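# A closer look at the structure
If you want the building blocks of each chain, they are given just below.
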Amino acid sequence: MKQLTEQEIRTAFVNCTKGEAKRLSVPRDLADRPWDDLDYLGWRDPQAPDRAYLVIESADGRPQALALRCPSPAAAQMRRSMCSMCLTTHSGGVCLMVAPKAGKAGQQGNSVGAYICSDLACSLYVRGKKDAGVGGRLQESLTPEEKIQRTVANVAAFIAKVTATV
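Report follows, based on the coordinates. (Residues numbered from 1 in each chain as written. Predicted model: local features only at pLDDT ≥ 70, side-chain atom pairs only at ≥ 80, totals over all residues. Heavy atoms only, no water.)

## Considering the environment of Val-26
By secondary structure assignment, the location of Val-26 is in the loop between helix H2 (18–23) and strand E1 (40–44). Val-26 sits in the buried class, given a relative accessible area of 4%. Along the chain, Val-26 and Arg-62 lie 36 residues apart, while their C-alpha atoms are 18 Å from each other. When residues no more than four places from it in sequence are discounted, the contact partners of Val-26 are Glu-6, Ile-9, Arg-10 and Trp-43. (Helix = DSSP H or I, 4+ residues; strand = E, 2+ residues; numbered from the N terminus. Buried < 20%, exposed > 50% of the residue type's maximum accessible area, 1.4 Å probe, protein only. Contact = heavy atoms within 4.5 Å.)

## A look at the nonpolar core
Ranked by size, the top nonpolar core spans 29 residues in total, and within it Ile-116 and Phe-158 carry the most contacts. Those elements that provide at least two residues to this core are strand E2 (51–57), strand E3 (63–69), strand E6 (94–100), strand E7 (111–117), helix H4 (122–126) and helix H5 (144–163). Considering every element that reaches this core, the biggest residue donor is H5, with five residues. Not counting the four nearest positions on each side in its chain, Phe-158 is found in contact with Leu-66, Leu-68, Met-85, Met-97, Ala-99, Val-112, Gly-113, Ala-114 and Ile-116. (Core = buried A, V, L, I, M, F, W, Y, C linked by side-chain atoms within 4.5 Å.)

## Some thoughts on the pattern of salt bridges
Throughout the structure, instances matching the rule amount to 10 salt bridges. A salt bridge links Lys-129 to Asp-37, with the shortest nitrogen-to-oxygen separation between them at 3.2 Å. Of this pair, Lys-129 sits in the loop between H4 and H5 while Asp-37 sits in the loop between H2 and E1, placing them 92 residues apart in sequence. For Asp-119, the salt bridge identified is with Lys-130, shortest N-O distance 2.7 Å. Linking Asp-119 in the loop between E7 and H4 with Lys-130 in the loop between H4 and H5, this pair joins segments that are 11 residues apart in sequence. (Salt bridge = Lys/Arg side-chain N within 4 Å of Asp/Glu carboxyl O.)

## So, the environment of Val-112
Within the secondary structure, Val-112 sits in strand E7. In this structure, the C-alpha to C-alpha distance between Val-112 and Lys-101, residues 11 residues apart in sequence, is 6.5 Å.

## Thoughts on the side chain of Asp-39
Following the sequence through the fold, Asp-39 ends up in the loop between H2 and E1. The class for Asp-39 is buried, based on a relative accessible area of 17%. At 2.8 Å, the side chain of Asp-39 forms a polar contact with the side chain of Arg-127. The residues touching Asp-39, leaving out its near neighbours within four places in the chain, are Met-1, Ser-123, Arg-127, Ile-148, Thr-151 and Val-152. (Polar contact = N/O pair within 3.5 Å; in protein donor to acceptor, adjacent residues only side chain to side chain.)

This is how it looks when you write it as structure tokens:
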């Protein structure tokens, strides 16, 4: 993923108002992020633990961002769950993240949810740069590149559901 600026991130949100995008907390350490190892930028809001954000680079090269709701990290259950994006399993490290749909559907209260790594570090788990603990990564015959492509496709499919007009 190419490195993004705070302004690029704020203007990329598809499922919140411009005012909400202006007020949300963007990470202050953007320059220090491992951009070459990221398929998407994800973070939890330190001031509002029930909020998370995800930014991808769309097929046309422009960033697209989602505002997400999720339980606070302390509320996460300790049972083993699998992330639907990167297929990493965690004990208490996966939560249901819900995104209001974009446009009129979102204004009517419609939303889309997915089970995602609570720390939004799917890219690092898939590349083996972050350890999910014993049993966190299942044995697969896929190459690391194929696993990365699968994660990218899963995130893109989630965003497509949020932005769908039907």
